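Architecture at a glance
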Amino acid sequence: MIQCPNCGGLLKFDVASQQMKCDSCSSLFDPYAFEASGAEESTDYDVTIFRCPQCGGEITSTDETAAGFCSYCGSSNVLESRISKEKRPQLIIPFKKTKKDCTNAFEKFVKRAIFAPNAYRAAGKADSFRGIYMPYWLYDMSQRGDINVACSDSHRSGDYIITDHYMMRGKLDCYYNGVSYDASSSFADDISSDIAPYNVKDITKFSPSFLSGYYADIADVGSEVYKNTAIDLARESTYNYLRKSSPMSKHSFDTPKEKVKEGFHTNVNVTRSAMFPVWFMSYRTRDRVAYATVNGQTGKVSADVPMSIPKYLVCALAIAAVLFAVFQMFFTITPKILVLVVALIGMISVLLYGSEMKKIISLENYDDDMGMLDKEKRVEEKKRARVQAQAGATFDGVQGSGTDAYVVTKNDLARAKREKAKQKKAKKDSAGCFVWLIVGIFIFMGGGSFFFASLGEILDTGNLGLAGALIALIFLIVSVISTISSWKNLSQMKTKKLMPASVWSTVSILLITIITATNSINDTLYYIISIIAMVGVLLNIIGIIGNYNLLATRPLPQFEMYQGGDDRA
């Protein structure tokens, strides 16, 4: 906590004046006026670390007052705290947008989300946004040297097309300063990229005074994690400049793109640590949370927007009623064709459900989050060390040294047993996937001709018969394969469910296949089956929305880091 020299009140960083402002007497002071004196500047600074007892999320503050909320899960519990020294960042971009600016930007953004839950809208309008400084790595890169690119130009001469091939050479002298990537595994890469870019013209030397009145996240991702990504970005940007804006842009490149990029000789000259401002709002629903973030410098908004199932269903039913009226005015659909249309809609909904399941697994595995993957990698390294310990090795790799040996616990043995069973199951699943792939190829190669021939017969005669049954059977087979795949994906999800919602559509398509195969003359029966099938589609759509909401929300950020405690204690 920084006290006012005039009255002893609390000083906080004021966005409007970009100065330290006293809560009591409104005096203004330069943020750098409170730096610690001394010949050598300290590389650390004192902070209070708050850890949420609900989700394990950690934030830091330079204030001594206890935090009454968690920025990551929205919990209003009093947070556990401890005093610590943290590595001092080199640079900082101070907040430029006030909380009011942030709230206005979010309200404008959420107006376009017509299916957003009312509670989510209310959370954004309330005093829910918190100012947090997020840690970033900045990379300064240079590209120097000769570039050689094989080019060609073609022109017509009479009846001939003449192509000239030649080499273009030049000297490259290019700089990229301040290419930034977030250094917090709790701050998802997709969020940080959505609110980017930050303008480094406002960057300044770090002082703990800027943090007064705000919170900060802890850097837990090393600078090496994003180094190659930054290099690839610089290479791609330079290549795009050569192809679109440089004198070379008028010529066709014959040299492959990757080979041209390799010749840029990109070097990372300086890596610096920094803190960037983010307004952060969390909307919690059970064990998951949706985030709304606003760039504290530019006001750019990124938000996870969940969907309200009742709002969607009301809108969908209204649209369906309008479409039904239009079709009745211009088309005549017999009951036998109606069941096939419903079966087609059911199959499409089953495929959409399976697609959403794959996205959820990708999200839960952090496939696109390099910071979290780095943390997972470190966890895996720790697991491997445990396995080595179970084999009699020590952490330094010396067999039977008798010193510093890892003590094997019952949990270690149970964990190894589970890992072995998991590997065995993975091999079995991979073999099963191969079998289903062969079956799918056979079905589509053999059934494709049946489908189109049968469709032509129905359109010509308006009669289903065997042709309709074959089409319904193809829909059923595709739905069954997709549903089995969804069931397997469900077993890999961290958010478990009893069974995939696509089962209902698949069962309804089975009923349609049976009724079309019998070729009943009772129209009422077709209408009843169509209604049952549409109920199955409706349940499947609700499942799809549920999957979307899983994609639009995230697990509590650091909960898994703290569950179970030390099993050797």
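Residues numbered from 1 in each chain as written. Predicted model: local features only at pLDDT ≥ 70, side-chain atom pairs only at ≥ 80, totals over all residues. Heavy atoms only, no water.

Here's the deal with the overall build of the chain
Along the chain, the regular secondary structure elements total 13 helices and 16 strands. Taken over 569 residues, the chain has a buried fraction of 43%. Here the contacts in the chain between residues at least 6 apart in sequence split such that 74% fall between residues at least 24 apart. (Helix = DSSP H or I, 4+ residues; strand = E, 2+ residues; numbered from the N terminus. Buried < 20%, exposed > 50% of the residue type's maximum accessible area, 1.4 Å probe, protein only. Contact = heavy atoms within 4.5 Å.)

Considerations on the pairing of strand E4 (residues 44-51)
Taken together, the 4 bridges between E4 and strand E5 (residues 58-61) define a ladder with antiparallel strand orientation. Looking at E5, one finds that Phe50 is bridged to Ile59. Connecting E4 to the antiparallel partner E5 that follows it, the hairpin turn spans 6 residues, and Gly56 within it adopts a positive phi of roughly 85°. (Pairing = 2+ DSSP bridges.)

Concerning the confidence of the model for the chain
Low pLDDT means the predicted atomic positions in that stretch should not be read closely. Per-residue confidence for the chain gives a mean pLDDT of 76; residues scoring 70 or more make up 74%. Mean pLDDT across the secondary structure elements of the chain bottoms out at helix H13 (residues 559-562), with 47, and peaks at strand E7 (residues 91-92), with 93. Across residues 441-451 the pLDDT falls below 50, and counting only partners more than four positions away or on other chains, this stretch makes 10 contacts in the model. (pLDDT = per-residue confidence, 0-100.)

Digging into the nonpolar core
Among the nonpolar cores identified, the biggest contains 39 residues, and Phe106, Tyr120, Phe129, Tyr133, Met275 and Met281 are the most heavily contacted of them. Elements with a contribution of two residues or more to this core: strand E1 (11-14), strand E2 (19-22), E4, helix H1 (99-110), helix H2 (118-125), strand E13 (266-285), strand E14 (288-295) and strand E15 (301-303). Apart from residues lying up to four places away in sequence, Tyr120 is in contact with Phe106, Val110, Met281, Tyr283, Ala290, Tyr291, Ala292, Ala303, Asp304, Val305 and Pro306. (Core = buried A, V, L, I, M, F, W, Y, C linked by side-chain atoms within 4.5 Å.)

Some remarks on the pattern of salt bridges
Using the criterion set out here, one finds 8 salt bridges in the structure. Across the pair Asp202 and Lys201 runs a salt bridge, and its minimum N-O distance is 3.3 Å. With relative accessibility at 62%, the residue Lys201 sits in the exposed group. Lys261 is the partner of Glu236 in a salt bridge, and the nearest nitrogen-oxygen pair spans 2.8 Å. Here the residue Glu236 occupies a position in helix H4 (residues 227-244), and Lys261 occupies one in helix H5 (residues 257-262), the gap between them amounting to 25 residues. Each of Glu236, Lys257, Glu258 and Lys261 takes part in one network of salt bridges that share partners. (Salt bridge = Lys/Arg side-chain N within 4 Å of Asp/Glu carboxyl O.)

With respect to the packing of aromatic side chains
With the rule as written, the count across this model stands at 21 aromatic pairs. Between Tyr214 and Trp279 the ring centres are 6.2 Å apart and the planes differ by 65°, which places this aromatic pair in the edge-to-face class. Residue Tyr214 is located in the loop between strand E10 (204-205) and strand E11 (215-216), and its partner Trp279 is located in strand E13; the two are separated by 65 residues in the primary sequence. Grouping residues by exposure puts Tyr214 and Trp279 together as buried. Site record: aromatic cluster; members linked through ring pairs are Phe95, Tyr133, Tyr214 and Trp279. (Phe/Tyr/Trp six-rings, centres within 6.5 Å; stacked < 30°, edge-to-face > 60°.)

Considerations on the side chain of Asp217
Following the sequence through the fold, Asp217 ends up in the loop between E11 and H4. In this structure Asp217 comes out as buried when scored by relative accessible area, which is 4%. Polar contacts involving the side chain of Asp217 include one to the side chain of Ser184, which spans 2.4 Å. Each residue touching Asp217, except ones within four places of it in the same chain, is listed here: Glu58, Tyr72, Ile132, Tyr133, Met134, Pro135, Ser184, Ser186 and Met275. (Polar contact = N/O pair within 3.5 Å; in protein donor to acceptor, adjacent residues only side chain to side chain.)

Regarding the pairing of E2
Pairing of E1 with E2 involves 4 bridges; the strand directions are antiparallel. Counted as the bridge partner of Leu11 is Cys22 from E2. Where E1 folds back onto E2 in an antiparallel hairpin, the turn is made up of 4 residues, including Gln18, whose phi is positive at roughly 60°. Here E2 runs beside strand E3 (residues 28-29); their pairing, made up of 2 bridges, is antiparallel. Residue pairing for E3: Lys21 is matched across the bridge by Leu28. Once E2 ends, the chain turns through 5 residues before running back antiparallel as E3, passing Ser26 with a positive phi of about 65°.

As for the sheet that holds E2
Pairing in this open sheet of 3 strands is antiparallel, and the strands run E1-E2-E3 from one edge to the other. Edge positions in the sheet fall to E1 and E3, since each of these pairs with one other strand and no more.

Some remarks on the packing of helix H11 (residues 502-518) against helix H12 (residues 523-552)
When two helices pack together, their arrangement is given by the angle between the helix axes and the distance between those axes. At a minimum axis distance of 7 Å, the contact between H11 and H12 shows a crossing angle of 165°. Relative to H12, H11 is oriented roughly antiparallel. Crossing hand, H11 versus H12: left-handed. Packed against H11, whose contacting residues are Ser502, Trp504, Ser505, Ser508, Leu511, Ile512 and Ile515, the element H12 presents Leu525, Tyr526, Ile529, Ile532, Ala533, Gly536, Val537, Leu539 and Asn540 at the interface. (Axes fitted to C-alpha atoms, helices over the stretch in contact; angles between N-to-C directions. Parallel < 35°, antiparallel > 145°, perpendicular 65-115°, else oblique. Left-handed = near helix turned anticlockwise from the far one by under 90°.)

Observations concerning the environment of Arg169
Take Arg169: it is sitting in strand E9 (residues 160-182). Here the alpha-carbon distance between Arg169 and Asn148, two residues 21 residues apart in the chain, equals 4.6 Å. Beyond its immediate chain neighbours, meaning those up to four positions away, Arg169 contacts Ile147 and Asn148. A polar contact of 3.0 Å, which involves the side chain of Arg169, links it to the side chain of Asn148.

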